[in-house]
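Observations on the three-dimensional arrangement
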Amino acid sequence: MRFGLVVNPVAGLGGRAGLKGSDGADVQARARALGAVPRAGERAALALAELRSRLGPAVEVRTADGAMGADAVRAAGLVPVVVCLPGDPTTGADTRAAAAALAPQVDLLLFAGGDGTARDVLDAVGDTVPVLGVPTGVKMHSAVFAVHPRAAGEVAALFAAGAGTRPAEVMDLDEDAVREGRVSARLYGHMAVPDVPVRVQQRKMGGSVTSPSSVAGIAAELAGRAGPSGLLVLGPGGTMRAVAAALGADVPVMGVNVLRDGRPVAVDVASAALEKLVRSSPAWLAVTPIGGQGFLLGRGNQQISPDVVRAVGRDRLAVVATEAKLAGLGGRPLLVDTGDEDLDDELRGHVPVLTGHGRVAMYPVH
Amino acid sequence: MKTDRSPVSTADAVIGPKPPLRRFHQASWDEPLLFELGSPGERGVLVPEPEVPLDDTLPDGLRRAEPPALPEISQLHVLRHYLRLSQENLGADLNIDVGQGTCTMKYSPKVNDRFARDPRVADLHPLQDERTVQGVLEIVHRLEGLLKEISGMDRFSLQPGAGSAAIYANVSMIRAYFAARGEPERDEVITTIFSHPSNAACAKTAGFKVITLYPDADGYPDIEALKAAAGPRTAALLITNPEDTGIFNPRIEEFVRIVHEAGGLCAYDQANANGILGITRARDAGFDLCHFNLHKTFSTPHACGGPGAGACGVTAELAPFLPAPTVEFDGERYYLDDDRPQSVGKTRPFHGVVPNLVRAYAWIMSLGADGLREAAEVAVLNNNYLMAKVLEIPGVSAPYAAGRRRIEQVRYSWERLAEETGVHSEDIGLRAADFGTHYWTSHHPFVVPEPMTLEPTESYSKADLDEYAAILAEVAREAREEPETVRTAPHRSTVHRAREDVLDDPATWSVTWRAYRRKVLGG
Amino acid sequence: MGVHPYIPNSVPAVKAEMLAAVGAADVAEFYADVPESIRLGRPLDMPPPLRSEAALVRHVGGLLAGNTGTGEALSFLGAGCYRHHVPAVVDEVINRSEFLTAYAGEPYEDHGRFQALWEYQSLMGELLEMDVVNVPVYDGYQASATALRMAGRITGARRLLLVTAVAADKLSKIDDYVRPVHDVVVVPVDASTGLVDLAAVRAELAAGDVAAVYAEAPSASGIIDPALTSLAGLAHGAGALFVAGCNPISLGVVAPPAAYGADIACGEIQPLGVHMAYGGLSGGFIATRDEERFVAEFPSRLFGLAPTGVEGEYGFGDVAYDRTSFALREEGKEWVGTAAALNGITAGVYLALMGPQGMREIGETIMANTRYALDRLAAVPGVQAPYAAAPHFADLTLRFTGSRTSAEVNDALLEHGIFGGAVLSGTDALYCVTEVHTKDEIDRLADTLEEIVK
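Keep in mind the model is a prediction, meaning the values are calculated, not measured. (Residues numbered from 1 in each chain as written. Chains lettered and ligands numbered in written order. Predicted model: local features only at pLDDT ≥ 70, side-chain atom pairs only at ≥ 80, totals over all residues.)

1. A short note on helix α7 (residues 149-160) of chain A
All names here are of chain A.
- An ideal rise of 1.5 Å per residue puts 16 Å on twelve residues; α7 measures up with 17 Å between its terminal C-alpha atoms.
- Across the twelve residues of α7, ten count as buried, placing the element largely inside the fold.
- Those residues of α7 that fall on the buried side of the exposure criterion are P149, R150, A151, A152, G153, E154, V155, A156, A157 and F159. (Helix = DSSP H or I, 4+ residues; strand = E, 2+ residues; numbered from the N terminus. Expected span 1.5 Å × (residues − 1). Buried ≥ 20, exposed ≤ 12 C-beta atoms within 10 Å, placed from the backbone.)

2. Let's talk about the sheet that holds strand β11 (residues 383-384) of chain C
All names here are of chain C.
- Here four strands make up an open sheet; going across it, the order is β11-β12-β15-β14 and the pairing antiparallel. Each edge of the sheet is formed by a strand with only one pairing partner; in this case those strands are β11 and β14 (422-423).
- One ladder, built from two bridges, connects β11 with strand β12 (residues 395-400); its direction is antiparallel. Looking at β12, one finds that V383 is bridged to F400. (Pairing = 2+ DSSP bridges.)

3. Overview of the sheet that holds strand β2 (residues 132-133) of chain C
Residues and elements named next belong to chain C.
- Strand order in the open sheet formed by seven strands is β2-β8-β7-β6-β5-β3-β4, and the pairing between neighbours is mixed. Edge positions in the sheet fall to β2 and β4 (183-186), since each of these pairs with one other strand and no more.
- When strand β7 (residues 264-268) meets strand β8 (residues 284-288), the two strands line up antiparallel, connected through five bridges. In the sheet register, C266 faces β8, and the bridge partner there is I286.

4. With respect to the domain arrangement of chain B
Residues and elements named next belong to chain B.
- Each assigned domain of chain B is listed with its residue range as follows: domain 1 (113-365) and domain 2 (369-487).
- Spacing between the C-alpha centres of domain 1 and domain 2 amounts to 29 Å.
- Across the boundary between the two partners, domain 1 contributes 19 residues, which contact 20 residues of domain 2.
- Residues belonging to the side of domain 1 that touches domain 2 are distributed by class as follows: ten nonpolar, seven polar and two charged. (Domains from an automatic or database assignment. Contact = placed C-beta atoms within 7 Å. Nonpolar A, V, L, I, M, F, W, Y, C, P; charged D, E, K, R; others polar.)

5. So, the environment of B:L265
Residues and elements named next belong to chain B.
- You can see L265 is positioned in strand β5 (residues 265-269).
- Since 26 C-beta atoms lie within 10 Å of it, L265 is described here as buried.
- Taking the C-alpha atoms as reference points, L265 and D30, 235 residues apart in sequence, are found 54 Å from one another.

Have a look at this one:
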């Protein structure tokens, strides 16, 4: 098992300085001027130290030279194999170049940075190699990051022990918009990350009950609602793809897909075609919160336009999430921003979120 | 006696102080499996020889062909095997069992075991003539009376086998109630994420759809979500209070009112009533049904996971639906009333877990009204005392309702320690086993990350609580300074960590010796 | 309220010290969230407590004196709860406080209970000739109800055919438990023989949508029905599963359900060394073949054996704990909670003591006594054993043809210190003998009946 590492040394600068992101050389310069110290290397080293403690000092890590990786590898007590020499100061182009060079040589590519770094890595490697983000940046809307640096090391070690992969969302914010007080996240794409489920702690214990919520239960519930002749429109996201799989259909994780009786009738369909389809036949529309912000509509699934929602009918829109995903929101509401204020108002309030067969959570939407 | 040695000074005879934490090591007999003991022909016990001719009416297809491949072991060796296994078990009598939060581990008085084992309980057949069982019927009837007063409810059934069975009986009664009222469209049950998951599971099993409420920012169930959920399809609210977080929901009457106004019933999960005995009652908050776990609040032993005992209480309006039979008293004699046409029927064979009903009755009678309230207040004092000690440990927190007191338990989070050290709550619980105690962390779904739920009932002394907190503090220190020690624990327990992957693979999981022989040993 | 022996911190000085440590003036502060409107505001209205242990023993002892145990009488009661000899070693083990007071625990600090319960599963597996046996559920009723819902989830069909005599109370429990998803169809047995009506079973199977054919051996009438060997073929031919209840103490002699094709075996473990306790102690077993489609449907815990980091060390844990993700036809796998673990350990100790010889001998003795009782009692004028031609185990039906009802017969027997059988109807009662009955005792019952019913 070979690991790769790319560090975006300037990731996290903006956050320290209260600048909401670090994109752009001028922002970085302002951050440094405000006294910010790069921490990405430190956090990458923490992840590698965890990996080392689990797999031993012989772990092979291929990386870029200097602050883009080798320093962190050494700080973790490991010997780096340096495969590329970046320029300085580092830019998104350096991240992309290093990731592209490492991808064919490693089994898992770790990268330390934020959403912008994730976007660069996605551009460079696509889904050619499993990746895992070590969180260091300001914005953590993408689902490709471990919850903290040590957890990244832990997940990497579990991947080496044989865990599979799952698609995870890469999100990005328009940082200018955030600095102006607006939140505007969008789904940028998907990468494959190690599939280490939420730790089912104390599996030996189980004095209470086995979990009755599952993707399969959600799938059965949706199939029952749509019926054999109705359309089932599934929004993007890993949960929806798993729902499709439970119904026997293999659909891409990106894009909006339409099933009838478990068979795909339209894949990665665009807004206009989708609207036409749902006007032609009774349909159920299922969407799941995207990324860490809890966006239901308006981010990453713009194909599901206000007209599509109206055509399907408000009462035939099913919000879907596993209990673990809802729990992960930590009490924050789900969000809608379809661009149609009237529709958004209709969607707001407490909605039933389907968490299993015959099971819903009553959850706020803002 | 030797006289040629120099005299020993008394200073040499002084035994030094004990270290702050005990140097525990659990028994580890490295005991073989039963199937590896004994030899062909050995006997553990002999059975009466038939005095009459053997029966030969079984046809061949129904006569066992080969004797079962049970082990053959002499009596002492069977006894020794199980005594060794018993020593490899930490019963609540042996350890500071505050870590099984939500389970209300408390002292189960030995004198009550004596009653339960009395032949006038143990050797009673459930279908004996009522004239020969007046004593046990009177105990059940009296116990019902005590529980009625403790809850404010009008009638109880003591038939359910444990807490979940009592919840299921309550859900069955709710179903029967709406069927009798001609409202079968009421097919939804509302519960909260911090109510015991058996509420959702039992409702689901009984055919209801389940709606779950998440906590609001203060940690209370979201009342706006309840308003959105309650309606013409609402059959019932099933709710715990205090919830598993230990937080008492101060708006509970409003919750009950909202559901009542929607035409639904309210059932109070009082599995953990320990902290509110004599303080507040289910009926006083307007509930229509409630249940107790007698093996929690009322001290009957947990018995490795049962038998426990459950009790469900209802208002007079719901009493016709109670499981049958009920125990009645006509002023002269106690009797079983099976003539209950609207009853949901039997929840289990016969009349409930009678030995535990006897134990629970004796426990309540040994304490009385003042004693029950004292038990509640001391349990709550213990909990808040322990919370103060635990929250001094860096890396642990008590999510929700910051700064507020808790009732009889707290759901803590080790999230900060885990982020800092990579050591998880599960690891910490296993390391605690090296000090002669433990805690559990199975709190699905994991709304509170890295959870630990501690419930120090009235049975534990201040010294116990100090020791428990000191163990946690020490393990947290280790997590920072020598994480491997924690991550690979236990080290001083009976066994080491097992290969869990073996248990998940159909090719290797072995639920029985015969499966292990066939699949793993290959024959 | 003085200091109570069960509440160490009821000592006022300790309480004060702890209150001071948390900065509270009074325990009332801890209840600040409890609104005044729902506070009780008065002491509970209860009898005065019996604070000394001696007073408590006197009080409870006085109540228990109102009971007459089966050891003090001659009892012929069975009907789902059986009096067998409980070996002394069984009581010695299960009264150990390490077992009695433990809860679920971890396989690490409570290794003993995991091993004891895994061994219970294994001993039952040998007896049942099945590879998968659960940690006990509450009781045999629950085991049957759950086994039938498992069959329903596996087949996706709706109807459940109950083809042997099933006790009325058990039927009530099954009906309540399966109601949301199944229809229970009771196929009456032949009234003259008490045996399965195979033609009626075929007709119901032909009607379709059958999830399971359910039979018991022995049936609620004590009959081991020769038709049992036909049921697996009939059920499977209709796409249904064959679910069979059985009495485990019979299995040293009677073939286990797996031997005649059952897919799921289930039943009650009380006969295996568990005291009757007024019907209060019980445990249910469910057993299947080791196939994923069965294992996935168990709602209860299954302990498994696994290696640890140390050579030769046995570790234990839950098998396929996250079972809900297996099946698409998710209906919630019922629920798991505190059930009957200690009774499972009890049955394990019992089977370990009995061994293969003991189980064969006890089965033979009980069947011999049952046959003797059938013949001897049916010979009493005014008493018939209507189903006597069929093989029986422990329970047997008697019919009183004289002027006295079966309940009146019981009243008269009680005056002679005898507990008669469970009343089934005005004329019929279910009597029971086990290995603890001697020939003399059965003769005494016959002689007494002869006086009563003539």
